[in-house]
Amino acid sequence: MHILLTGGAGFIGSNFVRLLLRERPDYRITNFDVLTYSGNLENLSEIEGDDRYAFIRGDVRDAAALDKALEGVDAVVHMAAESHVDRSIMDSGPFIDTNTRGTQVLLDAWRRATGGKKRFVYVSTDEVYGSLPLENPEIKFTEATPLDPSSPYSASKAGGDLLANAYHHTFGMDICTTRCSNNFGPYQFPEKVIPLFVTNLLDGKQVPLYGDGKNVRDWLHVDDHCEAVLTVLEKGTSGEVYNIGGNNERSNLELTRSILEIMGKGEEMIRYVEDRLGHDRRYAIDAGKIKRELGWQPTRSAWPKALEDTVRWYTDNRPWWERVRSGAYQDYYANMYGG
Ligand code: NAD
Ligand code: TDX
């Protein structure tokens, strides 16, 4: 089995490559990634010499490059994306271009390569469902919840999600879609809340908590997400959507307090800052379908142990995040948080 993974140099992609090489000794994987600011081959340095792994620097918007890369490939896992909500608020152009148009270019290339007869997994997000109210904690997103994206990021991901569905219906292509909640773990770009807060604290800086800190996210360890994507790739039913989540809802304030406690820091390290525009209040995933139909459930997200392990990873890997936080990231950080 030869898989082409898009976006394999990013956070989830690089963890997926590692998991696949570990768990499927007879698979090969090609990582097709253009290496934006968040793509980093250093995330994969330990497997560089593995002859089951190959890297192609390429853009999912480049049809000719895809035609070449897809030769002899048995399945595609599409993770490449612009992935950060705050950046999409600053400039939505690259989001629509990569997440929506790039998905269309890739779907067309896969159709040319295989007639759509081989599997394509579109890695979408729970954010396509929009926001849930805090007042009704029993309500969660199911696969039947209508799409109602509220940020330019989630709208651009919903564009790709709807196209994947449309290509299945129109051309009979073998496509599954996954919609996962917030991931955490090693190699996450430190613009996202957990690595941002941990690395700030390691540098003795305060953490910028948006608004009242009551927004809720459902946290899942990245390895659980990757295992779920692999399960869908191998066992999913064509045309189906699968929610993936940890049943692990925390308010941002609870999350921040847990990080402070693990790191032995006090509440004075919290800096309440202006809220994110259009900030989704709550995400919560009902992941019953993937458990019932494909037998997947999280095994690596136990809280707070998985969070403690993640804090330890950033503590132990200062050279990685210091390099990642240097250069253009400094301008982004200064623009967002005022230095
Ligand atoms: P990331 O930003 O860490 O990685 C994205 C990768 O895509 C990078 O390596 C980047 O270089 C590559 N890329 C971007 N534009 C490209 C293009 N035009 N052509 C080729 N490669 C390109 O993102 P992530 O957090 O690892 O997210 C991966 C996927 O999972 C995304 O599709 C995201 O929407 C989805 N997702 C993420 C989460 C989360 O919590 N991080 C949750 C659910 C779904
Ligand atoms: O500085 C911050 N302060 C803060 O309070 C940052 C960066 C975030 N937050 C809050 C906003 C959110 O409520 O923390 C929560 C999580 O924020 P992010 O890490 O930016 O993630 P989120 O916006 O929830 O989106 C993530 O999950 C779904 C990923 O970035 C997406 O790619 C994925 O689809």
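You'll find the structure just up there.
Residues numbered from 1 in each chain as written. Chains lettered and ligands numbered in written order. Predicted model: local features only at pLDDT ≥ 70, side-chain atom pairs only at ≥ 80, totals over all residues. Heavy atoms only, no water.

Chemist: Help me understand unusual backbone geometry in this model?
Modeler: A negative phi holds for most residues other than glycine; trans holds for most peptide bonds. With an omega of 5 degrees, the peptide bond running from Trp 303 to Pro 304 counts as cis. Position of Pro 304 among the secondary structure elements: in the loop between α9 (288-294) and α10 (305-316). Here the phi dihedral of Leu 35 falls at roughly 65 degrees; this positive angle occurs in a residue that is not glycine. You can see Leu 35 is positioned in the loop between β2 (28-33) and β3 (53-57). Positive phi is not limited to glycine here, since Asn 247 has a value of about 50 degrees. Relative to the helices and strands, Asn 247 is located in the loop between β10 (241-244) and β11 (249-251). (Helix = DSSP H or I, 4+ residues; strand = E, 2+ residues; numbered from the N terminus.)

Chemist: What is the right way to read the site of ligand 2 from this model?
Modeler: Around ligand 2, a shell composed of 23 residues is seen, among which Thr 125, Glu 127, Tyr 153, Arg 276 and His 279 lie nearest. Taking Val 193, its main chain carries an N or O atom lying 2.8 Å from an oxygen atom of ligand 2. Between ligand 2 and Arg 276, the relevant distance is 2.7 Å, taken from an oxygen atom to a side-chain nitrogen or oxygen of the residue. For ligand 2, the protein covers 94% of the area, taking 660 Å² as the surface of the free molecule. Breaking the shell around ligand 2 down by element, the ones donating at least two residues are α3 (85-90), α6 (193-202) and β8 (207-210). (Near = heavy atom within 4 Å. Polar contact = N/O pair within 3.5 Å; in protein donor to acceptor, adjacent residues only side chain to side chain. Areas by Shrake-Rupley, 256 points an atom, 1.4 Å probe, with all protein chains shown as cover.)

Chemist: Just to check I follow, could you spell out the nonpolar core for this structure?
Modeler: Proteins that are soluble and globular tend to have nonpolar side chains buried together. Ranked by size, the top nonpolar core spans 42 residues in total, and within it Ile 3, Phe 16, Val 17, Ile 29, Val 77, Met 79 and Ile 290 carry the most contacts. Contributing elements (two or more residues each) for this core: β1 (2-6), α1 (11-23), β4 (75-78), β5 (120-125), β6 (175-180), α7 (222-235), β10 and α9. Formed by 33 residues, the second largest nonpolar core is a distinct cluster that contains Val 198, Leu 253, Trp 303 and Tyr 333. (Core = buried A, V, L, I, M, F, W, Y, C linked by side-chain atoms within 4.5 Å. Buried < 20%, exposed > 50% of the residue type's maximum accessible area, 1.4 Å probe, protein only.)

Chemist: What should I look at first to understand the layout of surface pockets in this one?
Modeler: Unfilled space is identified by rolling a water-sized probe across the atoms. The volume enclosed by the second largest pocket comes to roughly 300 Å³. Around the second largest pocket, the lining comprises 13 residues; the ones closest to its centre are Asp 86, Tyr 210, Glu 274, Asp 275 and Met 336. Elements with a contribution of two residues or more to the lining of the second largest pocket: α3, β12 (270-273) and α12 (328-337). Here the residues of the lining of the second largest pocket are counted per class, giving seven nonpolar, one polar and five charged. (1 Å grid on protein atoms, 1.4 Å probe; cavity = no way out; pocket = protein on both sides within 12 Å on 5 of 7 lines; lining within 4 Å. Points joined across faces, edges and corners; volume = space filled by probe spheres on them. Nonpolar A, V, L, I, M, F, W, Y, C, P; charged D, E, K, R; others polar.)

Chemist: Explanation requested: the environment of Ile 12 in the structure shown.
Modeler: Positionally, Ile 12 belongs in helix α1. Ile 12 sits 157 residues away from His 169 along the chain, and the two C-alpha atoms are 28 Å apart. Setting aside anything within four residues of it in sequence, one finds Ile 12 in contact with Met 79, Asn 183, Val 222, His 225 and Cys 226. (Contact = heavy atoms within 4.5 Å.)

Chemist: Sorry if this is basic, but what is going on with the pairing of β10 here?
Modeler: Residue alternation in β10 divides its side chains into two sets, Val 241 and Asn 243 and Tyr 242 and Ile 244, and both sets are buried. Here β6 runs beside β10; their pairing, made up of four bridges, is parallel. In the strand pairing of β10, Thr 178 is matched with Tyr 242. (Pairing = 2+ DSSP bridges.)

Chemist: What should I look at first to understand the packing of aromatic side chains in this one?
Modeler: Counted under the stated rule, the structure contains 16 aromatic pairs. Pairing Tyr 187 with Trp 313 gives two aromatic rings, centres 4.6 Å apart and planes at 55 degrees, and the pair type is tilted. One end of the pair, Tyr 187, is in the loop between β7 (182-184) and α6; the other, Trp 313, is in helix α10, and 126 residues separate them in sequence. As far as the burial class goes, Tyr 187 and Trp 313 line up, both buried. With a centroid separation of 5.7 Å and an interplanar angle of 90 degrees, the aromatic rings of Tyr 187 and Trp 320 are classed as edge-to-face. Of the two residues, Tyr 187 is situated in the loop between β7 and α6 and Trp 320 in helix α11 (residues 318-324); the sequence distance between them amounts to 133 residues. As far as the burial class goes, Tyr 187 and Trp 320 line up, both buried. Pairwise contacts between aromatic rings join Tyr 37, Phe 189, Tyr 329, Tyr 332, Tyr 333 and Tyr 337 into one cluster. Directly above the aromatic system of Tyr 242 lies the positively charged group of Lys 289, at a separation of 4.9 Å from the ring centroid. Here the basic side chain of Arg 325 rests over the ring of Tyr 333, its NZ or CZ set 5.5 Å away from the ring centre. (Phe/Tyr/Trp six-rings, centres within 6.5 Å; stacked < 30°, edge-to-face > 60°. Lys NZ or Arg CZ within 6 Å of the ring centre and 35° of its normal.)

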